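Notes for the structure review
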Amino acid sequence: MSNIIIGTAGHIDHGKTALIKALNGYEGDSTKEEQQRGITIDLSFSNLTRGQQNIAFIDVPGHEKLIKNMIAGAFGFNCVMFAISAQEGIMPQTVEHIEIINLLGIKDVVIVITKKDLVSQDELKDQEKRIQEFFNEYDFNINFIQAVSVYEPDSIETLKDKLFSIKNKAKKEENFFRYYVDRVFSPKGIGTVVTGTVLGKPCELNEKVFLCQSEKQIKIKNIQVHNENALEANISNRAALNLQGINANAIQKGDLLSKKGFLRGFDMIDISFNTLKQKELKHNQKYTLFIGSKKLEVRVLLFDSTTSLKEGFATIKADEKLYTIFGEKIILRLGNDTIAGGKVLNPIADPMKKNQKRELLEALKEEKFTYAYKKLLEAHKKGLGLISSSQRFALSHEEAIEFANNLEDVYIDEKELTIYPIETKQIIIDFIKEIYTKNKYALLSPASINLRIKWASESFIEDALTHLVDEGFLVKNNKLYKSKDIEEDYEDRLKNIVLERLKTEHITPTAPYNIYDDLDLDRKLGDNILKSLTAKKLVIRLQHNLFIHSESLDSIVRQMKAIIQEDGFIEISNFKERHPLSRKYLITYLDYLDNFSNIKKDGKRRVLA
């Protein structure tokens, strides 16, 4: 079915609600009993269907509610229908609605001149001319202008025909599903239900979605689109979702449902803005922010820190995390006045110098993403995650990689979806060189080095290692890299180094991974060396991460037996008096005594059998 969402706007008493009732019989209010019938509450949403075509109207009676709902619903609007009285024409609230729609970037409009029966034909023509001239001051695409009267059925039928002739411009599918909650309730026997408009990508029955504000994954148990059960809800569909695994009081209007892993929340975002005529945005002033169906108090910091501006860049600072994406539209109000409209440019808070931030915002405003990547990489020398591009630039992974490939002097790890400035490779090269210069027996893999340089992907590290092989500094041996100057019997030499290390540490040997890191050994290779030494009985494994030289173990066992001979027993207290070791070693060595037949355990003590 073809779905079009039309938002309605107009000055109070210009017949907007009566017009909707004439079109589809919807009166704008539902009784409590009607609200409990199903999972959809249609207090503000109604629809008109003809064959396989459906028109959903978003309308809230009352000026304040209308403005808030207009902002909340604008994400899903295909078109806005202005109701303008033939008697009064353009009025102050009409102007404000027009300006808000313009700020939100909605271009397709329909103009319906209501109450045509109350004026003459000449007055109607004059009014239509004035209205047309007023709208021409804005960059709107006017689908049509139609005069109607709710008392003239033919005029309403003509309007219906024209509404169904509007072409449905498909919304661009994004990289992930988003859905702002505009209502939440819990009908008896049904559970938690939310309503909203589907954005980004469709959602399906039994699909798991993620509630950003509570960071909780929940399941869609049922979907209704226009009061009908459905297997999925498509982009721009008004949909009610019955959610499983969450209580209704854990969700609030304005919360965002999405997919796990795509969105991060920040208490600061950067925007571009334009104010309404005769209005200015003031620096360090508190405003009410409307984004999606969310409303909250924020502080606005003008980028240039001037007293006030009519247009420019600003940072929105909130007391809670904002989950936004590039390009989302916002409205800023002060009390009952709409001050400015804006566009989210930078939804992710980045530590950047001011001049870098300015260049980034200018690039984002012009959607010059290649240059934006370049500026971000100046601040993210240790890697920029391409997966964040779906939030940063509203790009898919494929589009993000394509843009990244247009950059010069970068390394792109397509598996890890990370991009690095190529100059960063020198940091890795220098780090590796320092290891092998200090220790010619170092034998490491990309995974081993990744444990030390956690910000660098294994692929990027391997690229640096390959560079050192080509340079003649290293030699690749299977998956390991060794110094070109290392002797052929390096494995035997490494075993001797490990054995000597354990002998030196005597009865307080360090954990194997610490030894590997100190000796610059790959962990897998280090494990193999210890296994070999253990098999030859040169090293004894006492615990998972405790290996001791066999001579050291013999020595401590002789000393423990001497304590038994002297005191008649050994336990932690008299053992620690002679050997002030940590409990880890004391308990391990006491447990080892249980292997001897001439020693038995008596409570917490060991005595001669």
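Just so we're clear, the structure is a prediction, and the values are computed from it rather than from any experiment.

Reading the values: the criteria
Residues numbered from 1 in each chain as written. Predicted model: local features only at pLDDT ≥ 70, side-chain atom pairs only at ≥ 80, totals over all residues. Heavy atoms only, no water. Pairing = 2+ DSSP bridges. Helix = DSSP H or I, 4+ residues; strand = E, 2+ residues; numbered from the N terminus. Salt bridge = Lys/Arg side-chain N within 4 Å of Asp/Glu carboxyl O. Buried < 20%, exposed > 50% of the residue type's maximum accessible area, 1.4 Å probe, protein only. Axes fitted to C-alpha atoms, helices over the stretch in contact; angles between N-to-C directions. Left-handed = near helix turned anticlockwise from the far one by under 90°. Contact = heavy atoms within 4.5 Å. Nonpolar A, V, L, I, M, F, W, Y, C, P; charged D, E, K, R; others polar. Phe/Tyr/Trp six-rings, centres within 6.5 Å; stacked < 30°, edge-to-face > 60°. Lys NZ or Arg CZ within 6 Å of the ring centre and 35° of its normal. pLDDT = per-residue confidence, 0-100.

**Here's the deal with the sheet that holds strand β27 (residues 443–444)**
- Taken in spatial order, the three strands make up an open sheet running β27-β29-β28, and their pairing is antiparallel. The open sheet has two edge strands with one neighbour each: β27 and β28 (474–477).

**As for the pattern of salt bridges**
- Enumeration according to the criterion identifies 30 salt bridges in this entry.
- Put simply, arginine 178 and glutamate 328 hold a salt bridge, and the shortest N to O gap is 3.1 Å. Of the two residues, arginine 178 is situated in strand β7 (residues 178–185) and glutamate 328 in the loop between β21 (311–322) and β22 (329–334); the sequence distance between them amounts to 150 residues. Each member of the pair, arginine 178 as well as glutamate 328, carries the same accessibility label: buried.
- The partner of arginine 606 in a salt bridge is aspartate 591, and the shortest N-O contact between them spans 3.1 Å. Taken together, the residues span a long stretch of sequence, with arginine 606 in strand β33 (residues 605–608) and aspartate 591 in helix α19 (residues 583–592) at a distance of 15 residues.
- We classify aspartate 591 as partly exposed; its relative accessible area is 40%.
- Several salt bridges converge on common partners, so that one network encompasses Glu359, Lys375 and Glu378.

**Some words on the packing of helix α15 (residues 512–519) against helix α16 (residues 523–535)**
- One can describe the packing of α15 onto α16 by two numbers: an axis separation of 10 Å at closest approach and a directional angle of 115 degrees. For the pair α15 and α16, the crossing hand works out as right-handed. Contact with α15, carried on its side by Pro512, Tyr513, Tyr516 and Asp517, involves Arg523, Gly526, Asp527 and Leu530 of α16 and no other residues of that element.
- When the residues that make up the contact of α15 with α16 are grouped by side-chain class, the tally is four nonpolar, one polar and three charged.

**A closer look at the packing of aromatic side chains**
- A complete count under the given rule lists 17 aromatic pairs for this structure.
- With centroids separated by 6.5 Å and ring planes inclined at 90 degrees, the aromatic side chains of phenylalanine 303 and phenylalanine 313 adopt a geometry described as edge-to-face. Taken together, the positions of phenylalanine 303 in the loop between β19 (294–302) and β20 (308–309) and phenylalanine 313 in strand β21 put the pair 10 residues apart, joining distant regions of the chain. Here the two residues phenylalanine 303 and phenylalanine 313 agree in accessibility, since each one is buried.
- A ring pair is formed by phenylalanine 369 and phenylalanine 393, whose centres lie 5.1 Å apart and whose planes are at 40 degrees; its orientation type is tilted. Placement of the pair is phenylalanine 369 in helix α8 (residues 369–379) and phenylalanine 393 in the loop between α9 (389–392) and α10 (397–405), with a sequence separation of 24 residues.
- Since its relative accessible area comes to 7%, phenylalanine 369 is described here as buried.
- Taking the relative accessible area as the measure of exposure, phenylalanine 393 reaches 3% and is therefore buried.
- Ring-pair connections join several aromatic residues into one group, and the members of that group are Phe82, Phe134, Phe135, Tyr138 and Phe140.
- Lysine 433 extends its terminal NZ or CZ atom over the ring of phenylalanine 473, reaching a point 5.7 Å from the ring centre.
- Arginine 523 extends its terminal NZ or CZ atom over the ring of tyrosine 513, reaching a point 3.9 Å from the ring centre.

**Examining the confidence of the model for the protein**
- Per-residue pLDDT for the protein averages 88, and the proportion of residues at 70 or more is 92%.
- When the criterion is pLDDT under 50, residues 29–43 qualifies, and its contacts beyond four places in sequence or with other chains add up to 27 contacts.

**Thoughts on α19**
- Where α19 is concerned, the buried positions are Tyr585, Leu586, Thr588, Tyr589 and Leu590.
- Where α19 is buried, its residues touch β30 (539–543), β31 (546–549), α17 (550–567), α18 (572–578) and β33.

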